[in-house]
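# Tertiary structure, described
One-letter residues, chain by chain:
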Amino acid sequence: MNYIRRHCSIRNKVISSGGKIVYENPGSSLDEFMDLALTSLSISYPKFYKMDRLSKLGFLATEVLLKDLRLLDKYKAEKVAVVISNSNASLDTDLKYFESTKTIASPALFVYTLSNIVAGEICIRQGIKGENAFFVLPAFDPDRIFEYAEIVMASGKTDACIAGWVDVLGEQHDVFLYLLEKSNNGGLEHTAEQLQKLYHLNYGPVDGGS
Amino acid sequence: MDQLMADLKRQIIEALNLKHLKPEDIGDDQPLFVEGLGLDSIDALELIVLLQQQYNIKMANPQDGPQIFRSVKTIAEYIKTTQTA
């Protein structure tokens, strides 16, 4: 059995950790919200401003998820995996890049026209060197996420896994990430039903706010 | 030249999303890459795009990039030289 040690969400411009709000700014645009959240969370990381929206959301969620945890003191960098899924892939950035090609294509946008870049940005920031996977699914699918995270944890190569959902298109955004461990440090049992329950914790209907 | 360098600092911050910086934070002679502002290879490509969009300058030889993009001052000198040529 594996255990969900922590979980966090970003939806409707509200960042929650374990169901408790850690930052909210519903009146702002998504771009403003993410930049202000970085400042509010006292995170200094200049490269954040160069990231696309998908990477920024994944970055912020992981910062909140792992806050004060010192994960790599407990696990080898090669033993921590990142498994993310969403339904819009990198479409948010693809559209911006396509727009830029009408004049001069932007190299800085082009490098984010792959959905799994968000996993790379998380790994660079956190120093994680384990398995990465990114799945594009029709909708949040707790069964698929549960199954793949379990496979990764059973591989013998992974002791902890950051898994979940990071999705964005325009102002619409939906993030749910959790930290999975083999040891039970007061965590919740890892089941698809549990993921479904946590995903909907404190969540209203998804609203782009636009 | 001073006005051109001031414009360049503002344009670089905007084009490269250096939101943590203000124009006055960038020295005229400060190296832009590695030990200076820490720009990377993607930023170098964005600087080439910036020259093309803002100053209608297409770099004839990309191998000259390291010298041209050494600092705001060297970029300004390149723009001046190219526009008067």
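From a predicted model like this one, the values you see are computed outputs, not experimental measurements. (Residues numbered from 1 in each chain as written. Chains lettered and ligands numbered in written order. Predicted model: local features only at pLDDT ≥ 70, side-chain atom pairs only at ≥ 80, totals over all residues.)

### What to know about the overall build of chain B
The number of helices and strands found in chain B is four helices and zero strands. Of the regular secondary structure in chain B, the N- to C-terminal order runs α-α-α-α. Taken over C-alpha atoms, the radius of gyration comes to 12 Å for chain B, in line with the 12 Å a tight globule of 85 residues would show. Looking at chain B as a whole, 24% of its 85 residues qualify as buried. (Helix = DSSP H or I, 4+ residues; strand = E, 2+ residues; numbered from the N terminus. Rg over C-alpha atoms; globule rule 2.2 N^0.38 Å. Buried ≥ 20, exposed ≤ 12 C-beta atoms within 10 Å, placed from the backbone.)

### Some points on the interface of chain B and chain A
Between chain B and chain A, the residue contacts involve ten residues of the former and nine residues of the latter. Of the residues belonging to the side of chain B that touches chain A, the class tally is four nonpolar, four polar and two charged. (Contact = placed C-beta atoms within 7 Å. Nonpolar A, V, L, I, M, F, W, Y, C, P; charged D, E, K, R; others polar.)

### Digging into the pairing of strand β4 (residues 80-86) of chain A
All names here are of chain A. With seven of its seven residues buried, β4 lies for the most part within the structure. Burial of β4 is two-sided: the residues Val-80, Val-82, Ile-84 and Asn-86 facing one way and the residues Ala-81, Val-83 and Ser-85 facing the other way are all buried. Two strands pair when backbone bridges link them, and β4 and strand β6 (residues 160-169) are joined in this way by six bridges, in the parallel orientation. Paired with Val-80 across the strands is Ala-160, a residue of β6. (Pairing = 2+ DSSP bridges.)

### Some points on the environment of Thr191(A)
Within the element layout of this structure, Thr191(A) appears in the loop between β8 (188-189) and α8 (192-199). On a C-alpha basis, the gap between Thr191(A) and Trp165(A) in space is 16 Å, while along the polypeptide they are 26 residues apart.

### What to know about the confidence of the model for chain B
When pLDDT is averaged along chain B, the result is 92, and 100% of the positions lie at 70 or above. Between the elements of chain B, mean pLDDT differs from a low of 91, seen in helix α3 (residues 65-68) of chain B, to a high of 95, seen in helix α1 (residues 2-15) of chain B. (pLDDT = per-residue confidence, 0-100.)

### Here's the deal with the nonpolar core
Core analysis: the largest hydrophobic core is formed by 48 residues, its most contacted members being Leu57(A), Leu60(A), Ala61(A), Ala149(A) and Cys161(A). In this structure Ala149(A) touches Val83(A), Cys161(A), Ala163(A) and Leu180(A), once residues within four positions along its chain are discounted. Leu8(B), Leu18(B), Ala76(B) and Ile79(B) belong to the second-largest nonpolar core, a separate cluster that totals 16 residues. (Core = buried A, V, L, I, M, F, W, Y, C linked by C-beta atoms within 7 Å.)

### Thoughts on α1(B)
All names here are of chain B. With 14 residues, α1 extends 20 Å from end C-alpha to end C-alpha; this agrees with the ideal 20 Å at 1.5 Å per step. Of the positions making up α1, those classed as buried are Leu-8, Lys-9 and Ile-12. The buried residues of α1 occupy an angular sector of 100° when the element is viewed end-on, so they sit on one face. Exposed positions of α1 whose direction lies more than 90 degrees from the buried face are Gln-3 and Glu-14. Buried-residue contacts for α1 involve α4 (72-84). (Expected span 1.5 Å × (residues − 1). Arc of directions from axis to C-beta.)

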